Amino acid sequence: MKRFPFLRADFTASLVVFLVAVPLCVGVAVASGVPAELGLVTGIVGGLVTGLLPGSSLQVSGPAAGLTVLVFEAVKEYGLGALGALVLAAGILQLAMGALKLGRWFRAISVAVVQGMLAGIGLVLIAGQLYALMDAKAPGSGLANIGALPRLVMDTARSGTGLTALAIGAGTIAVLVLWRRAARVLPAPLAAVALATTSVWVLDLPVARVEVSGLLDAIQPPGLADIGRLTELGVLGTVLAFALIASAESLFSAAAVDRLHDGARTDYDRELMAQGAGNTLCGLLGALPMTAVIVRSAANVQAGARTKASRVLHGVWLLLFAAAFPAALGVVPIAALAGVLVHAGWKLIPLRELRPLWRAHRGEAVVLCVTALAIVTVNMFEGVLIGLLLAVAKTAWETSQAHLEVHIPSVPGPVRVRAVGNATFLRLPKLLDQLEALPADRDVELDLSGLRHVDHACQAALENWAEQHRRSRSRAVELVS
């Protein structure tokens, strides 16, 4: 024990993380449209491989709800066989970004865009999982799922099986919300799924259960034909979306975990390479993509973990569970897993932060909402791009603050005009309006030395105005740079 002073704390924490991870790994896999065992495979790789690598010592990796929607769409579009190739390419891209020291640059991404991305994912996830909550099949895209909700309610009201599944799912959500005092002993997700599974088994309720195929049977490495599809434009876009969203979510999770403990801080470039190594292996195994997951990471810290041994051990427990008790998954009702993911999706929506954000930074709140709505109405990748472009445009507008300080002397003499701030084309119409409003019968001294930045459009426009003022009004205009 002297050689491993934190072994007891890490051992206990690993058991807690394992109990949290099991229902989440299975639930994310089922919601992604892939065999449940593949979620466990990604969790195992996240513990045994990513957990051993340097980067962030206490955050835990595995399949995440944040990528569920994107994975589901990719599997539906390209097939389950292509999933391994997509994840493999995304992992290699993450390794390259880490090697190029790009990890720290992810911290420069607008927080509003990230929150909007998570909110959009949460909305799409909830809309899709409401169907699984009632043992129904979702129509497809996020907007279609939302539009068909009234019909889902009517169909469920006329279906005994649907109402039974709804009761199981709603009960699962209720346990997740109300589970407080015993949370330190037994994690809420495991307790909720265990209670739902026991109820279904004891009462022999006619609801859909998880389909089990066996761990080895579920693993499907990508073939040469699947890898060959990486040259397609749509496939490359999906790979880029996997890599960027997984990297951003992992590194933002690392920043959040760093605030929960007093240990070593995260090395973002190494953490990005660790995530890339894990995703590369997941791709070779045909499993789900991984990210660092804040739910498991926070549980790890709160359970008293001190070193990376806790997350490695949690991978060991997942491996033993998947190898020894795969049939245990076959009794889990899908409605219970859907309830876990509906609750997880709700937690992705930053409702508490939205009102103070609107009061203090209205532009950021607009970026958040637009990003979320774009993801719901269009798709994940294009929605994030829309959010990023809007954030850049907002920043450009806010930094382009320029105004004119005008001094008109009472005695005959030139009007002194001093430009202050950052003059870009965005502020050009206002600046020209102010210049045109100057007295036409006076000479003008235009001082540009107060400008911290002048772009080419502004420079050319100001010089043209000065030349036209000289010609049309026969007045002297002096430009001071």
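Structure first, text after, so check above.
Residues numbered from 1 in each chain as written. Predicted model: local features only at pLDDT ≥ 70, side-chain atom pairs only at ≥ 80, totals over all residues. Heavy atoms only, no water.

Colleague: So what about the overall build of the chain? Which residues, and what values?
Modeller: Looking only at helices and strands, the chain has 21 helices and seven strands in total. Considered along the principal axes of its C-alpha atoms, the chain spans approximately 100 × 65 × 50 Å. With 481 residues in all, the chain has 50% of them scored as buried. Summarising the internal contacts of the chain: among those between residues at least 6 apart in sequence, 79% fall at separations of at least 24. Total accessible area on the chain stands at roughly 22,600 Å², and carbon and sulfur atoms take up 65% of it. Averaging the locations of the 38 positively and 32 negatively charged side chains of the chain gives two centres separated by 9 Å. (Helix = DSSP H or I, 4+ residues; strand = E, 2+ residues; numbered from the N terminus. Buried < 20%, exposed > 50% of the residue type's maximum accessible area, 1.4 Å probe, protein only. Contact = heavy atoms within 4.5 Å. Areas by Shrake-Rupley, 256 points an atom, 1.4 Å probe, with all protein chains shown as cover. Lys, Arg positive; Asp, Glu negative; His and termini not counted. Charge placed at Lys NZ, Arg CZ, Asp CG, Glu CD.)

Colleague: Account for a nonpolar patch on the surface, with residues named and values stated.
Modeller: There is a patch of nonpolar side chains on the surface, built from Trp358, Val366, Val370, Val378 and Ile386 and spanning about 370 Å² of accessible area. Along the chain, the position of Val370 falls in helix H18 (residues 362-377). Assessed through its relative accessible area of 31%, Val370 is described here as partly exposed. (Patch = residues over 30% accessible without salt bridge, like charges linked within 9 Å, V, L, I, M, F, W, Y side chains within 5 Å. Salt bridge = Lys/Arg side-chain N within 4 Å of Asp/Glu carboxyl O.)

Colleague: If you had to explain helix H14 (residues 294-302) to someone new, which residues and values would you point to?
Modeller: Inspection of H14 places Arg296, Ser297, Ala298, Ala299, Asn300 and Val301 among the buried residues, and these make up the whole buried set. Next to the buried residues of H14 lie helix H1 (7-31), strand E1 (60-62), helix H12 (233-258), strand E2 (291-293) and helix H15 (309-324).

Colleague: Can you lay out the nonpolar core for me, pointing to particular residues and giving the numbers?
Modeller: In terms of nonpolar packing, the biggest core is built from 78 residues, with Leu40, Leu83 and Phe242 touching the most fellow members. Filtering out sequence-adjacent residues up to four positions away, Leu83 remains in contact with Val34, Val71, Val75, Phe242, Gly286, Ala287 and Leu288. Listed in part, the 19 residues of the second largest apolar core include Leu404, Val417, Leu431 and Leu438. (Core = buried A, V, L, I, M, F, W, Y, C linked by side-chain atoms within 4.5 Å.)

Colleague: Could you give an account of the side chain of Ser297, naming the residues involved and the relevant values?
Modeller: Within the element layout of this structure, Ser297 appears in helix H14. Classification of Ser297 as buried rests on a relative accessible area of 0%.

Colleague: Go over unusual backbone geometry, please, and point to the residues and values.
Modeller: For residues other than glycine, phi is negative in most cases, and the peptide bonds are mostly trans. Not every positive phi belongs to a glycine, and Asp135 is a case in point at roughly 55°. The backbone phi angle of Asp204 is positive, close to 50°, even though this residue is not glycine. With respect to the helices, strands and loops of the structure, Asp204 is situated in the loop between helix H9 (188-203) and helix H10 (215-218).

Colleague: Give a description of the packing of H12 against helix H13 (residues 268-285) that names residues and reports values.
Modeller: Relative orientation and spacing of two packed helices are given, respectively, by the angle between their axes and the distance between those axes. The contact between H12 and H13 brings their axes to 10 Å, and the two run at 130°. Here H13 runs oblique to H12, going by the angle between their axes. Of the two possible hands of crossing, H12 and H13 adopt the one that is right-handed. Each of Ser247, Ser250, Leu251, Ala254, Ala255 and Asp258 in H12 lies in contact with H13, whose residues at this interface are Tyr268, Glu271, Leu272 and Gln275. When grouped by side-chain class, the residues that make up the contact of H12 with H13 number five nonpolar, three polar and two charged. (Axes fitted to C-alpha atoms, helices over the stretch in contact; angles between N-to-C directions. Parallel < 35°, antiparallel > 145°, perpendicular 65-115°, else oblique. Left-handed = near helix turned anticlockwise from the far one by under 90°. Nonpolar A, V, L, I, M, F, W, Y, C, P; charged D, E, K, R; others polar.)

Colleague: Pulling in residues and values, what's your account of the packing of aromatic side chains?
Modeller: Following the criterion strictly, the structure yields two aromatic pairs and no others. Pairing Phe11 with Trp317 gives two aromatic rings, centres 5.8 Å apart and planes at 85°, and the pair type is edge-to-face. In this pair, Phe11 sits in helix H1 while Trp317 sits in helix H15, placing the two residues 306 residues apart along the sequence. Judged by its relative accessible area of 37%, Phe11 falls in the partly exposed class. A ring pair is formed by Phe18 and Phe321, whose centres lie 6.2 Å apart and whose planes are at 65°; its orientation type is edge-to-face. (Phe/Tyr/Trp six-rings, centres within 6.5 Å; stacked < 30°, edge-to-face > 60°.)

Colleague: Requested: an account of the side chain of Lys394, with residues and values cited.
Modeller: Counting through the fold element by element, Lys394 comes out in helix H19 (residues 380-399). Setting aside residues up to four positions removed in sequence, Lys394 forms contacts with Gly363, Glu364 and Val367.

Colleague: How would you summarise the pattern of salt bridges if you had to cite specific residues and measurements?
Modeller: By the definition in use, this model includes seven salt bridges. With its nearest N and O atoms 3.9 Å apart, the salt bridge here joins Arg270 to Asp267. Residue classification places Arg270 among the partly exposed positions, given a relative accessible area of 48%. Judged by relative accessible area, which is 33%, Asp267 ranks as partly exposed.

Colleague: Kindly report on helix H8 (residues 160-178), identifying the contributing residues and their values.
Modeller: With 19 residues, H8 extends 27 Å from end C-alpha to end C-alpha; this agrees with the ideal 27 Å at 1.5 Å per step. When we look at burial in H8, the residues that qualify are Gly162, Ala165, Ile168, Gly169, Thr172, Val175 and Leu176. Down the axis of H8, the buried side of the element spans an arc of 155°, and every buried residue falls inside it. Opposite its buried face, H8 presents the exposed residues Ala167 and Leu178, each directed more than 90 degrees away. Where the residues of H8 are buried, they touch helix H5 (111-133), helix H7 (149-157), H9 and helix H16 (334-348). Of the residues that open H8, the one with a side-chain oxygen 3.5 Å from the backbone nitrogen of Thr161 is Ser159. (Expected span 1.5 Å × (residues − 1). Arc of directions from axis to C-beta. Polar contact = N/O pair within 3.5 Å; in protein donor to acceptor, adjacent residues only side chain to side chain.)

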